[in-house]
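A look at the structure
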Amino acid sequence: DEALALADALRCRMASIYANILTAAAYRAQGETTKAAAALKSALDMTLPDLLYMPFAENHSLLGSLLNDNCPAAALNEITALAKKHEAGKAAILRKLYPSLPFDLTEREYEVAKLATRHFSIPQIAKELCISPNTAKSYLKTVYQKLDVSSRPELDKILENK
C-alpha cells in the first residue's frame with residue numbers, strides 16, 4: 001500500500017504499474033485471489049491501452065493463472081510470447097556468464113553452491129541472492145543431492161576446481 005501511495009504521489013506511472021503487479025503476485029501467493037485480481041486489473045488498465053506488455057512478461061511466472069484469468073485473450077497471447085522471448089534472452093545471458101555449469105547444476109544452484117563454499121550461512125546466501133532462507137536451503141539441498149555430498153567440506157572439495 002505504501003509503495004502504491006508513493007508511486008501515485010510522485011506520479012510515477014511505471015512504479016504504479018510494477019507496484020500493482022507485485023501486489024497482485026503477493027496476494028496470489030497468500031491465496032487472496034479477489035485482492036490479487038483487483039491489483040492486476042489496475043495494472044492492466046494502466047498498460048493495455050498503450051500495448052505496454054513488458055512488465056507482465058517479466059513477471060509472468062509470478063502471476064501465473066491470475067494473468068490467464070484476468071487479461072484479455074489478445075493481450076495475453078502477446079504477453080505470453082514476450083515472456084518466452086524474455087526467458088530465452090535471460091537464459092542466453094546466463095549461458096554466457098556460466099558457459100559450462102558443472103554437474104548438471106542450474107545457474108541458481110551453482111550460485112548457491114559457490115556461496116556455500118565461501119562459508120556463507122543460509123541467511124547470508126538468501127540475502128545475497130534476494131531469495132528466502134527456505135529457498136536457499138532448498139537449493140543447497142538439491143545441490144547436495146546432485147553432487148552426492150552431505151557436508152560443506154565435501155562440497156568445497158568437489159567445487160574447488162570449478
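Residues numbered from 1 in each chain as written. Predicted model: local features only at pLDDT ≥ 70, side-chain atom pairs only at ≥ 80, totals over all residues. Heavy atoms only, no water.

1. Focus: the side chain of N70
Take N70: it is sitting in helix α6 (residues 65-70). A polar atom in the side chain of N70 sits 2.8 Å from the backbone oxygen of L66. When residues no more than four places from it in sequence are discounted, the contact partners of N70 are A37, L40, K41 and L44. (Helix = DSSP H or I, 4+ residues; strand = E, 2+ residues; numbered from the N terminus. Polar contact = N/O pair within 3.5 Å; in protein donor to acceptor, adjacent residues only side chain to side chain. Contact = heavy atoms within 4.5 Å.)

2. Notes on the confidence of the model for the protein
In this model, the protein carries a mean pLDDT of 90, and residues with pLDDT of at least 70 account for 97%. The weakest mean pLDDT in the protein belongs to helix α1 (residues 2-9) at 81; the strongest belongs to helix α3 (residues 33-47) at 96. (pLDDT = per-residue confidence, 0-100.)

3. Concerning the packing of helix α8 (residues 107-117) against helix α10 (residues 133-147)
How two helices pack is summed up by the angle between their axes together with the distance between the axes. With their axes 9 Å apart at the nearest point, α8 and α10 run at an angle of 90 degrees to one another. The angle between α8 and α10 places the two elements in the roughly perpendicular class. Counted together, R108, E109, V112, A113 and A116 of α8 and A136, Y139, L140, T142, V143 and K146 of α10 form the full contact between these two elements. Here the residues of the contact of α8 with α10 are counted per class, giving 7 nonpolar, 1 polar and 3 charged. (Axes fitted to C-alpha atoms, helices over the stretch in contact; angles between N-to-C directions. Parallel < 35°, antiparallel > 145°, perpendicular 65-115°, else oblique. Nonpolar A, V, L, I, M, F, W, Y, C, P; charged D, E, K, R; others polar.)

4. Brief notes about the packing of α10 against helix α11 (residues 152-159)
At a closest axis distance of 11 Å, the pairing of α10 and α11 adopts a crossing angle of 65 degrees. Here α10 and α11 pass one another in a crossing that is left-handed. Where α10 approaches α11, its residues L140, V143, Y144 and L147 are matched on the opposing element by R152, L155, I158 and L159. Here the contact of α10 with α11 is composed, by residue class, of 7 nonpolar, no polar and 1 charged. (Left-handed = near helix turned anticlockwise from the far one by under 90°.)

5. Things to note about the side chain of T47
The topology assignment puts T47 in helix α3. Overall, the relative accessible area of 0% leaves T47 in the buried class. Apart from the residues lying within four places of it in its own chain, the contact partners of T47 are I17, L52 and F56. (Buried < 20%, exposed > 50% of the residue type's maximum accessible area, 1.4 Å probe, protein only.)

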